[in-house]
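One-letter residues, chain by chain:
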Amino acid sequence: MIDTVKVRHGTSPVILSIPHSATWLPDDIAVRLSDHGRRLIDTDWHVDILYGGLMPEATTVTAGFHRYLIDANRPPGDESLYPGQASTGLVPLTDFDGRAIWCDGEAPDADEIAERVARYHTPYHAALAEEIARVRDMHGIAILYDCHSIRSKVPRLFEGTLPDLNIGTHDGRTCAPEIEDLIVEHAKLDPSYNVILNGRFKGGWTVRHHGRPEDGVHAVQMELAQSTYLAVEDAPWRYDCDKAAKLRPVLQDILEALDQAGLARAADGVGA
């Protein structure tokens with residue numbers, strides 16, 4: 001039996017959420033996917049491996065199910081996060097390129113989607129909320145860092161090539177300005193990576209729902225271009241150890257800076 005949500009408790013102010021790295025689907029759902037859908041092309045491939053061990057003190061909350069089952073980074077009511085722009089829904093009908101992922105007549109109806117929300121989506125965010133509360137009780141502050149990746153070229157979603165590191169704070173709404181500035185500053189320390197703040201990816205439902213800087217809960221999404229750590233951005237989506245070895249210190253530096261900032265704010269009695 002798959003773990004719907006995997007939680008590793010930590011002592012740092014930093015919480016890592018990883019909603020899209022799993023590839024598990026129930027057998028009765030997987031057989032309903034089209035041949036193309038079964039490729040699971042929109043997975044955040046190996047993000048859990050990429051971040052593994054970078055901050056042992058951090059809490060980690062990881063979804064154990066694939067986003068084609070239910071997308072944990074979309075609102076449970078399926079409202080659009082980017083009105084007027086192409087995207088995919090709570091249960092995607094197409095991949096990022098607009099290709100159908102379900103066999104004819106096999107896409108889930110409203111009742112089935114509601115059941116998936118209750119079984120998978122709700123427990124994931126309940127676990128996040130519980131860990132946020134635990135960490136905030138410990139430090140007076142919690143910093144949620146939402147880990148994502150995507151192919152660097154997806155014409156349906158954005159023009160050209162995506163920047164390497166895409167930081168999203170919903171235009172500054174989900175964290176304090178000082179924390180946002182800190183992430184950008186440390187992301188830019190390696191000039192070989194290009195960095196953007198609140199570009200095409202401003203943060204999904206996870207950071208928008210949980211980020212409450214006025215209450216001491218700061219949230220940010222990091223969307224990595226998969227070209228920064230995969231050998232190729234297509235099957236078999238092989239993890240490139242050399243690329244990852246270059247990127248991991250950058251990510252580690254960001255996380256350590258957040259940890260220190262969180263501890264400093266806690267010591268000063270400043271959560272919000």
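Below is a summary of the structure that appears in this document. The shown structure was predicted, so the numbers you read here are calculated from the model rather than taken from an experiment. As a convention, each chain's residues are numbered from 1 in the sequence order in which they are written. In keeping with the predicted nature of the model, local features appear solely for residues at pLDDT of at least 70, side-chain atom pairs appear and are counted solely at 80 or more, and the whole-chain, interface and lining totals rest on all residues. Just so you know, side-chain values use all the structure's heavy atoms and leave hydrogens and water out.

**Quick look at the packing of aromatic side chains**
Aromatic rings from Phe, Tyr and Trp, taking only the six-membered ring of Trp, are treated as a pair when their centres fall within 6.5 Å; an angle between ring planes under 30 degrees marks them as stacked, one over 60 as edge-to-face, and anything in between as tilted. For the structure on display, the rule yields 6 aromatic pairs. Ring geometry for tryptophan 45 against tryptophan 237: centres 4.5 Å apart, planes inclined by 10°, an arrangement best described as stacked. Taken as a pair, tryptophan 45 in the loop between α1 (27-30) and α2 (47-51) and tryptophan 237 in the loop between β7 (217-225) and α6 (241-267) lie far apart in primary sequence, 192 residues in all. Only protein chains enter the area calculation, which uses a 1.4 Å probe; residues under 20% of their type maximum are buried, those over 50% are exposed, and those in between are partly exposed. Classification of tryptophan 45 as buried rests on a relative accessible area of 12%. Summarising the aromatic geometry, the rings of phenylalanine 158 and phenylalanine 201 are spaced 6.2 Å apart at their centres and angled 75° between planes, so their arrangement reads as edge-to-face. You can see phenylalanine 158 sitting in the loop between β4 (142-150) and β5 (165-168) and its partner phenylalanine 201 sitting in the loop between β6 (195-197) and α5 (205-210), a full 43 residues away along the chain. Of the two residues examined, phenylalanine 158 and phenylalanine 201, each falls in the buried class. Each residue in the set Trp24, Phe65 and Tyr120 is aromatic and connected to the rest through ring pairs, giving one cluster. Residue placement shows lysine 246 over the ring face of tyrosine 193; its charged tip is 3.9 Å from the ring centre. What counts as a helix is a DSSP run of H or I of at least four residues, what counts as a strand is a run of E of at least two, and both are numbered from the N terminus. Counted as over-ring charges are cases with an Arg CZ or a Lys NZ within 6 Å of the ring centre that also lie within 35 degrees of the ring normal.

**Side note on the side chain of threonine 88**
Mapped onto the secondary structure, threonine 88 falls in the loop between β3 (59-63) and α3 (110-139). Any two residues having at least one pair of non-hydrogen atoms within 4.5 Å are treated as being in contact. When neighbours within four sequence positions are excluded, threonine 88 is seen to be in contact with Arg74, Thr94, Asp95, Phe96 and Arg156.

**Brief notes about the pattern of salt bridges**
A side chain of one charge can pair with a side chain of the opposite charge if their charged atoms are brought near each other. The term salt bridge refers to a pairing of a side-chain nitrogen on Lys or Arg with a carboxyl oxygen on Asp or Glu at a separation within 4 Å. Under the criterion given, the structure shown has 18 salt bridges. Its salt-bridge partner being aspartate 234, residue arginine 39 comes within 2.6 Å of it at the nearest N-O pair. Of this pair, arginine 39 sits in the loop between α1 and α2 while aspartate 234 sits in the loop between β7 and α6, and the two are 195 residues apart along the sequence. Given a relative accessible area of 36%, aspartate 234 falls into the partly exposed group.

**Quick look at unusual backbone geometry**
Alanine 235 connects to proline 236 through a cis peptide bond whose omega is 10°. One can find proline 236 in the loop between β7 and α6. With phi around 50°, tryptophan 237 is a residue other than glycine that occupies positive phi space.

**Observations regarding α3**
Take the residue count of a helix, subtract one, and multiply by 1.5 Å to get its expected span. A rise of 1.5 Å per residue sets the reference length of α3, with its 30 residues, at 44 Å; its end C-alpha atoms lie 41 Å apart and thus fit the reference within 8%. Bending of α3 peaks at approximately 40° at the position of valine 117. In the segment just after α3, glycine 140 is the residue with positive phi, at about 80°. Fitting axes to the seven residues that end at a residue and to the seven that start at it, the angle between those axes gives the bend at that residue.

**Considering the sheet that holds β5**
If DSSP finds at least two bridges between two strands, the strands pair. What the 7 strands build is an open sheet, ordered β1-β3-β2-β4-β7-β5-β6; its pairing is mixed. Each edge of the open sheet is held by one strand with a lone partner, namely β1 (5-8) and β6. The mean angle between the axes of side-by-side strands here comes to 20°, regardless of whether they run parallel or antiparallel. Summarising the sheet, β4 and β7 pair through 9 bridges and their orientation is parallel. In the strand pairing of β7, cysteine 147 is matched with methionine 222. Relative to the sheet, α3 contacts β1, β2 (14-18), β3, β4 and β7, its axis offset from that of β3 by approximately 175°. For every element, the axis is a line fit to its C-alpha atoms; helices are fit only across the contacting stretch, and the angle between N-to-C directions ranges from 0 to 180 degrees.

**Brief notes about the nonpolar core**
Ranked by size, the top nonpolar core spans 69 residues in total, and within it Tyr51, Tyr145 and Leu165 carry the most contacts. Not counting residues within four places of it along the chain, the set of residues in contact with tyrosine 51 comprises Tyr145, Cys147, Met222, Leu224, Arg248, Leu251 and Leu255. The criterion is simple. A nonpolar core is a set of buried Ala, Val, Leu, Ile, Met, Phe, Trp, Tyr and Cys residues joined through side-chain atoms within 4.5 Å.

**Here's the deal with the packing of helix α4 (residues 177-187) against α6**
Interaxial distance between α4 and α6 falls to 9 Å at its minimum, and their mutual angle equals 150°. Considered as vectors, α4 and α6 are oriented roughly antiparallel to each other. Our pair here, α4 against α6, has a crossing hand that is right-handed. Packed against α4, whose contacting residues are Glu178, Ile179, Leu182, Ile183, His186 and Ala187, the element α6 presents Val250, Asp253, Ile254, Ala257, Leu258, Ala261 and Arg265 at the interface. For the contact of α4 with α6, the residue count by class is 9 nonpolar, 1 polar and 3 charged. With respect to orientation, any angle under 35 degrees is reported as roughly parallel, any angle over 145 as roughly antiparallel, any angle of 65 to 115 as roughly perpendicular, and every other angle as oblique. Each crossing is labelled by how the near helix is turned from the far one, with a counterclockwise turn of less than a right angle marking it left-handed and a clockwise turn marking it right-handed. Residues are grouped as follows: Ala, Val, Leu, Ile, Met, Phe, Trp, Tyr, Cys and Pro are nonpolar; Asp, Glu, Lys and Arg are charged; all remaining types, including Gly, are polar.

Without other data, these values stay purely geometric and don't point to any function.
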